[in-house]
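What follows is each chain in one-letter form.
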Amino acid sequence: MTSVEEILATWLDKFKPHEDGALLPPHHDHCLACGPDNPHGHHLVVHRRGEEVHAVHVFDQRHVGAPGIAHGGAVATVLDDLFGFLLYLTGAPAVTRQLEVRYDSPVLLGVAYELVAKIVRAEGRKLFVEAEMRDTSGGLVAFASALFLRVDEAHFRQGASNSPPLARPI
Ligand SMILES: CCCCCCCCCCCC(=O)SCCNC(=O)CCNC(=O)[C@H](O)C(C)(C)COP(=O)(O)OP(=O)(O)OC[C@H]1O[C@@H](n2cnc3c(N)ncnc32)[C@H](O)[C@@H]1OP(=O)(O)O
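These remarks concern the structure in this document. On a predicted model such as this, the values are computed, not experimentally measured, just so you know.

Criteria and cut-off values
Residues numbered from 1 in each chain as written. Predicted model: local features only at pLDDT ≥ 70, side-chain atom pairs only at ≥ 80, totals over all residues. Heavy atoms only, no water. Helix = DSSP H or I, 4+ residues; strand = E, 2+ residues; numbered from the N terminus. Buried < 20%, exposed > 50% of the residue type's maximum accessible area, 1.4 Å probe, protein only. Contact = heavy atoms within 4.5 Å. Pairing = 2+ DSSP bridges. Axes fitted to C-alpha atoms, helices over the stretch in contact; angles between N-to-C directions. Near = heavy atom within 4 Å. Polar contact = N/O pair within 3.5 Å; in protein donor to acceptor, adjacent residues only side chain to side chain. Phe/Tyr/Trp six-rings, centres within 6.5 Å; stacked < 30°, edge-to-face > 60°. Lys NZ or Arg CZ within 6 Å of the ring centre and 35° of its normal.

1. Re the environment of alanine 94
Okay, so step 1: Its location among the elements puts alanine 94 in strand 3 (residues 94-103).
Okay, so step 2: Under the relative-accessibility criterion, alanine 94 is labelled buried at 7%.
Okay, so step 3: In sequence terms alanine 94 and histidine 155 are 61 residues apart; their C-alpha atoms lie 9.4 Å from each other.
Okay, so step 4: Those residues in contact with alanine 94, other than ones at most four positions away along the chain, are Leu87, Phe148, Leu149, Arg150 and Val151.

2. Digging into the sheet that holds strand 6 (residues 140-150)
Okay, so step 1: The six strands are arranged 1-2-4-5-6-3 in an open sheet whose pairing can be described as antiparallel. In the strand order of this sheet, the two ends are held by strand 1 (47-49) and strand 3, each with one partner. Along the sheet, successive strands turn relative to each other by an average axial angle of 25°, direction set aside.
Okay, so step 2: The sheet contact formed by strand 2 (residues 52-58) and strand 4 (residues 112-123) spans seven bridges and is antiparallel. Counted as the bridge partner of valine 56 is glutamate 114 from strand 4.

3. Observations concerning the site of the ligand
Okay, so step 1: The ligand sits among 18 residues. The nearest are Asp80, Arg97, Gln98, Arg125 and Lys126.
Okay, so step 2: Between a nitrogen atom of the ligand and a main-chain N or O atom of threonine 96, the distance comes to 3.1 Å.
Okay, so step 3: Between arginine 125 and the ligand, the recorded distance is 2.9 Å, taken from a side-chain N or O atom to an oxygen atom.
Okay, so step 4: Going through the elements one at a time, helix 1 (4-11), helix 2 (72-90), strand 3, strand 6 and helix 3 (153-157) are the ones with two or more residues in the shell around the ligand.
Okay, so step 5: Looking at the shell around the ligand element by element, the count peaks at four residues for strand 3.

4. Describing the packing of aromatic side chains
Okay, so step 1: Tallied over the entire structure, the rule returns five aromatic pairs.
Okay, so step 2: Relative to tyrosine 88, the ring of phenylalanine 15 lies with its centre 5.2 Å away and its plane at 70°, an arrangement referred to as edge-to-face. Remark: tyrosine 88 occurs in helix 2 and phenylalanine 15 occurs in the loop between helix 1 and strand 1; sequence separation between them is 73 residues. Each member of the pair, phenylalanine 15 as well as tyrosine 88, is classed as buried.
Okay, so step 3: Among the aromatic side chains, those forming a connected cluster through ring pairs are Trp11, Phe15, Phe85, Tyr88 and Phe156.
Okay, so step 4: Over the ring of phenylalanine 128 we find arginine 121, and its NZ or CZ is 4.0 Å from the ring centre.

Here's what the structure looks like:
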């Protein structure tokens, strides 16, 4: 597991401008939603698309709620993390202060969904953001809105000495 200091050493580089269409970097390698090295994670892959961020995502059995259907918390995790990629377009880190998810239809396991997020407005430290999740027919299955608040590096150092063991060995 990479330390907070190691993550912070390269963290601000991620906020340098990304070209339209670029693959955006994961928040860090073990991030629950986008970290490629987290065996429990969603491995979310996100691209910039104009002033929005875009992903195609498939939930699997690790994210099951009702049989065959993604857990609502798993869906919220992915939507929250997608907002975290918008931050790369703003040039500054922020964290979720409030997240609201509307579940319009079941999100099925093994099915591809398209996710798009955008910044609705910025007021000082506050970023108001929205995201949609649609099925391949274009039907809206989930909608999320959130308030993110800009923070400095000290915010992330709060967890620096806190690395509890895994509940079960991987
Ligand atoms: C190593 C790198 C890895 C980095 C890895 C990053 C991965 C990203 C993953 C996705 C995102 C996440 O999951 S982030 C993780 C989940 N989130 C968190 O852990 C955050 C926990 N909460 C906090 O630490 C704190 O509450 C903060 C820092 C968010 C905010 O505290 P604060 O700085 O004291 O700010 P606060 O006073 O509460 O509010 C500031 C302003 O916002 C307003 N405000 C507050 N709530 C609301 C609201 N619902 N609607 C409107 N406005 C509101 C207040 O009135 C105030 O306005 P005014 O008076 O100023 O006008």
